[in-house]
Amino acid sequence: MTVVFQRTKGLTDKQFHYCPGCTHGVIHRLVGEVLEELNIVGKSIGVAPVGCSVLAYDYFNCDMHEAAHGRAPAVATGIKRTRPDNVVFTYQGDGDLASIGTAEIVHAAHRSEKFTTIFVNNAIYGMTGGQMAPTTLIGQKSTTSPEGRDLITTGMPLRVAEMMATIEGAVFVERVSVHNVPHIRKAKKAIKKAFEVQLAGIGFGIVEILSTCPTNWGMTPVDSLKWLEQNMIPYYPLGNFRTPEEVR
Amino acid sequence: MVKILMKGNEAIGAAAIKAGCKFFFGYPITPQNELPEFMSRELPKINGVFVQAESEISAINMVYGAAGAGFRVMTSSSSPGLALKQEGISYIAGAELPCVIVNISRGGPGLGGIQPSQADYYMCTRGGGNGDYRHIVYAPATLQEAVDLTIEAFDVADYYRNPVMILGDGMIGQMMEPVEFREPKKRELPLKCWATDGTEGKRNPNIISSLFLDPAELEKHNFKLDKKYKDMEENEVRYEMYMVEDAEIVIIAYGTTSRITRNVVDALRNENIKVGLIRPITIWPFPNKAFKEISSSTKAILTVEMSMGQMIDDVKIANEGRLPVHFYGRAGGMIPTPDAIIGKVREIMGGDK
Ligand SMILES: Cc1ncc(C[n+]2csc(CCOP(=O)(O)OP(=O)(O)O)c2C)c(N)n1
Ligand code: SF4
């Protein structure tokens with residue numbers, strides 16, 4: 001019997017706790033595969049956020065450090081500055097990165113810290129039960145925008161990749177999605193590039209990944225993928241915002 | 001050994017480097033700025049790293065990462081900045097990581113002022129962060145003591161895998177005194193086999209976390225931490241007794257106020273008035289046992305603080321209701337004068353007659 005597909009060595013054997021159809025699992029797998037393919041599992045140190053992926057430290061097969069809500073980029077800075085030869089990454093949700101931890105991510109990028117950020121944008125706070133995030137779309141219902149997010153009182157959804165692209169220190173910025181197989185492949189490429197940028201010692205890299213939250217969106221997994229494609233991508237256009245010459 | 005005339009903030013920085021600290025993460029705030037400035041100058045010379053974070057919250061979380069990576073690391077701040085660091089201190093204590101935090105405190109509440117104050121006593125000894133946690137707080141009264149305690153603090157932090165705080169005030173930070181850098185008493189320190197330094201495929205991943213979703217597990221963790229804190233209370237209490245044996249009034253003061261109070265004791269003793277001083281060097285753990293050594297000649301206790309009265313609670317607990325406890329305090333950056341303290345002693349003695 002030939003093995004055609006198996007778990008990546010970048011992940012542990014632990015079963016994910018994510019809801020059925022949640023794309024956090026897909027994104028974990030992509031990061032794990034990239035760690036394995038770049039042969040950096042043994043030298044990687046990941047920083048887990050607060051959010052549904054709070055237990056990411058149980059899943060990645062490398063040393064892991066849990067951080068306070070939003071502070072992962074500061075923790076990663078502390079690790080990378082003391083261990084410049086290790087590979088350091090943060091895995092953060094949109095509440096974590098684009099709300100409570102905006103200062104930390106902006107300034108880590110601004111200093112061009114040489115770590116990689118995997119930013120999972122599911123347009124909602126998953127873990128706490130579906131409250132509005134800075135990334136929630138206009139009109140999108142959440143438990144704290146029960147009539148749908150309105151522009152006048154809550155502002156427009158924050159476009160993180162575009163914002164990061166204005167920061168010189170963010171040398172690699174790309175937005176991808178995982179709503180279907182071709183896009184999952186593209187997402188993996190972007191994640192790999194972001195790590196390669198770190199390995200080349202160039203500076204800060206971030207990949208924003210559009211993700212689903214079937215549970216809090218109140219949809220089936222399949223409808224969630226459709227909703228992502230039809231509603232999120234028009235507002236959060238996919239594409240590369242910046243890549244350094246060295247890894248083009 | 002040579003003595004060097006140094007400013008308090010710089011002496012603490014130099015002591016940290018002497019102790020093997022190569023990493024410093026900070027954010028400017030008066031009256032502690034000379035400390036990060038010193039580190040920004042000195043650390044690059046020894047292949048260390050200084051990062052000026054964008055906030056105190058970020059700085060303490062950088063410390064969290066660096067400590068997890070297995071290195072000796074320090075941050076410093078002053079009162080409003082320390083308030084912001086409390087989040088991170090709770091996480092560091094929860095994850096059982098060693099680090100040294102310096103608070104060169106100033107008057108509050110709020111933005112307060114920039115003059116020395118001891119009104120951070122509650123915040124430093126009780127912790128402003130969430131959950132049941134504790135850390136040792138050293139309150140040096142001289143720059144030599146600040147240097148000695150800072151050097152030792154790194155060992156103590158590593159020994160217990162716990163944050164340790166050096167609490168000075170604006171006076172300690174800003175004044176100059178001659179100091180020498182002595183070798184500390186060495187402790188046998190555990191290996192940092194828990195550090196995140198990459199598995200290299202040779203071991204299971206190390207995970208640094210303070211999350212325990214199962215309440216039974218979290219309670220177990222709390223019991224474990226509590227045992228560690230009890231050990232600290234048992235073994236790390238430090239204090240100084242000055243002329244307490246036959247004292248009729250025992251004054252309690254730490255840090256800057258203890259310097260002033262020591263002069264008060266000398267002055268009153270010259271007049272044959274029997275006064276003594278208990279000087280806590282650790283304000284957590286508090287030297288409860290010093291109060292057991294108070295003799296039957298003592299009629300009253302006087303707590304002197306640069307606050308509206310925060311340590312007085314611990315003094316009352318330690319005293320266990322045996323003697324009347326009086327208080328004299330100045331706030332907002334005002335420093336008690338010896339005459340004012342002497343006046344307070346005379347008032348108590350008059351009242352006792
Ligand atoms: C200081 C602090 N504030 C609030 C929380 C509660 N909290 C936990 S997860 C979360 C939102 C996470 O949302 P997001 O980052 O979008 O991740 P997701 O769960 O959607 O993957 C919040 C507010 C916390 N743990 N700490
Ligand atoms: S709540 Fe949403 S984001 Fe969280 S695991 Fe479930 S589906 Fe995924």
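The following paragraphs examine the structure supplied in this document. Please read these numbers as outputs of a predicted model, since none were measured by experiment.

## Regarding the sheet that holds strand β2 (residues 63–66) of chain A
Thinking step 1. Reading across from one edge, β7(A)-β5(A)-β6(A)-β4(A)-β3(A)-β1(A)-β2(A)-β9(B) is the order of the eight strands in this open sheet, with mixed pairing throughout. With one partner strand each, in any of the chains shown, β7 (239–242) of chain A together with β9 (207–208) of chain B form the two edges of the open sheet.
Thinking step 2. For strand β1 (residues 44–48) of chain A and strand β3 (residues 87–93) of chain A, the ladder comprises four bridges, and the chain directions are parallel. Its bridge partner being in β3(A), V47(A) is matched across the sheet by T90(A).
Thinking step 3. Helix α8 (residues 181–199) of chain A rests against β3, β4 (116–121), β5 (170–177) and β6 (204–210) of chain A of the sheet, and its axis sits at about 165° to β5(A).
Thinking step 4. Running over the sheet, helix α3 (residues 56–68) of chain B touches β2 of chain A together with β9 of chain B and is turned about 150° from β2(A).

## Comments concerning the packing of aromatic side chains
Here a ring pair, both rings aromatic, is described through the centre-centre distance and the interplanar angle of the planes.
Residues and elements named next belong to chain A.
Thinking step 1. Within this structure, the stated rule accounts for 16 aromatic pairs over all chains.
Thinking step 2. Aromatic side chains F16 and Y59 sit 4.8 Å apart centroid to centroid with 70° between the ring planes, which places their arrangement in the edge-to-face category. Taken together, the positions of F16 in the segment before α1 (24–37) and Y59 in helix α2 (residues 56–59) put the pair 43 residues apart, joining distant regions of the chain.
Thinking step 3. Through pairs of rings, three or more aromatic residues link up here, namely F60, F89, Y91 and F195.
Thinking step 4. Its guanidinium or amino end placed over the ring of F16, R7 lies 5.6 Å from that ring's centre, counting from NZ or CZ.
Thinking step 5. A cation over an aromatic ring shows up here: R159 above the ring of Y235, its NZ or CZ 3.7 Å from the ring centre.

## Topic: empty space enclosed by the protein
Residue and element names in this part refer to chain B.
Thinking step 1. Summed over the entire model, instances satisfying the criterion amount to two cavities of 30 Å³ or more.
Thinking step 2. The calculated volume of the largest cavity comes to roughly 50 Å³.
Thinking step 3. S105, S117, Q118, P140, L167, G168, D169, I172, Y254, G255 and T256 together form the lining of the largest cavity.
Thinking step 4. Elements with a contribution of two residues or more to the lining of the largest cavity: β7 (163–169) and α9 (255–270).

## A closer look at the pattern of salt bridges
Thinking step 1. Summed over the entire model, instances satisfying the criterion amount to 41 salt bridges over all chains.
Thinking step 2. A salt bridge links E87(B) to R71(A), with the nearest nitrogen and oxygen atoms 2.8 Å apart. Here R71(A) lies in the loop between β2 and α3 (72–82) and E87(B) lies in helix α4 (residues 79–94), a pairing that spans two chains.
Thinking step 3. On the accessibility criterion, E87(B) (25% relative accessible area) is partly exposed.

## Topic: the sheet that holds strand β14 (residues 300–305) of chain B
Residues and elements named next belong to chain B.
Thinking step 1. Here five strands make up an open sheet; going across it, the order is β10-β12-β11-β14-β15 and the pairing mixed. Both outer strands of the open sheet, β10 (239–242) and β15 (325–329), are each paired with one neighbouring strand and no more. Adjacent strand axes in the sheet meet at a mean angle of 20°, parallel and antiparallel pairs treated alike.
Thinking step 2. Sheet analysis places β10 next to strand β12 (residues 275–280), joined by four bridges and oriented antiparallel. Paired with M241 across the bridge in β12 is I278.

## Focus on the site of ligand 1
Residue and element names in this part refer to chain A.
Thinking step 1. In the vicinity of ligand 1, 16 residues are found, and the nearest of them are H24, C52, G95, D96 and G126.
Thinking step 2. H24 places a side-chain nitrogen or oxygen 2.8 Å from an oxygen atom of ligand 1.
Thinking step 3. One of the backbone nitrogen or oxygen atoms of G95 is found 2.8 Å away from an oxygen atom of ligand 1.
Thinking step 4. Protein contacts shield 76% of the accessible area of ligand 1, which totals 590 Å² for the unbound molecule.
Thinking step 5. Sort the elements by how many residues they give to the shell around ligand 1 and helix α4 (residues 94–100) lands first, with four residues.
Thinking step 6. Considered class by class, the residues forming the shell around ligand 1 number six nonpolar, eight polar and two charged.

## Notes on the interface of chain B and chain A
Thinking step 1. In this assembly, 35 residues from chain B lie in contact with 33 residues from chain A.
Thinking step 2. Of the roughly 2,500 Å² buried where chain B meets chain A, counting both sides, 59% is carbon and sulfur surface.
Thinking step 3. Of the charged contacts, one joins R203(B) and D63(A) as a salt bridge, the two residues approaching to 2.8 Å between their closest N and O atoms.
Thinking step 4. Scanning the region where chain B abuts chain A turns up 16 residue pairs in polar contact (both at pLDDT 80 or more).
Thinking step 5. Counting only elements with at least two residues in the side of chain B that touches chain A, the list comes to β2 (23–26), β3 (49–52), α3, α4 and β9 of chain B.
Thinking step 6. Examining the composition of the side of chain B that touches chain A, we find that eight residues originate from one element, α3(B), more than from any other.
Thinking step 7. Across the side of chain B that touches chain A, the residue classes break down as 19 nonpolar, 11 polar and five charged.
Thinking step 8. Summarising the sheet, β2(A) and β9(B) pair through two bridges and their orientation is parallel. Residue pairing across strands places M64(A) opposite I207(B), the latter belonging to β9(B).

Parameters and conventions
Residues numbered from 1 in each chain as written. Chains lettered and ligands numbered in written order. Predicted model: local features only at pLDDT ≥ 70, side-chain atom pairs only at ≥ 80, totals over all residues. Heavy atoms only, no water. Pairing = 2+ DSSP bridges. Helix = DSSP H or I, 4+ residues; strand = E, 2+ residues; numbered from the N terminus. Contact = heavy atoms within 4.5 Å. Axes fitted to C-alpha atoms, helices over the stretch in contact; angles between N-to-C directions. Phe/Tyr/Trp six-rings, centres within 6.5 Å; stacked < 30°, edge-to-face > 60°. Lys NZ or Arg CZ within 6 Å of the ring centre and 35° of its normal. 1 Å grid on protein atoms, 1.4 Å probe; cavity = no way out; pocket = protein on both sides within 12 Å on 5 of 7 lines; lining within 4 Å. Points joined across faces, edges and corners; volume = space filled by probe spheres on them. Salt bridge = Lys/Arg side-chain N within 4 Å of Asp/Glu carboxyl O. Buried < 20%, exposed > 50% of the residue type's maximum accessible area, 1.4 Å probe, protein only. Near = heavy atom within 4 Å. Polar contact = N/O pair within 3.5 Å; in protein donor to acceptor, adjacent residues only side chain to side chain. Areas by Shrake-Rupley, 256 points an atom, 1.4 Å probe, with all protein chains shown as cover. Nonpolar A, V, L, I, M, F, W, Y, C, P; charged D, E, K, R; others polar. Buried area = accessible area lost by both parts, 1.4 Å probe.

Read these as layout, nothing more, since geometry by itself doesn't imply function.
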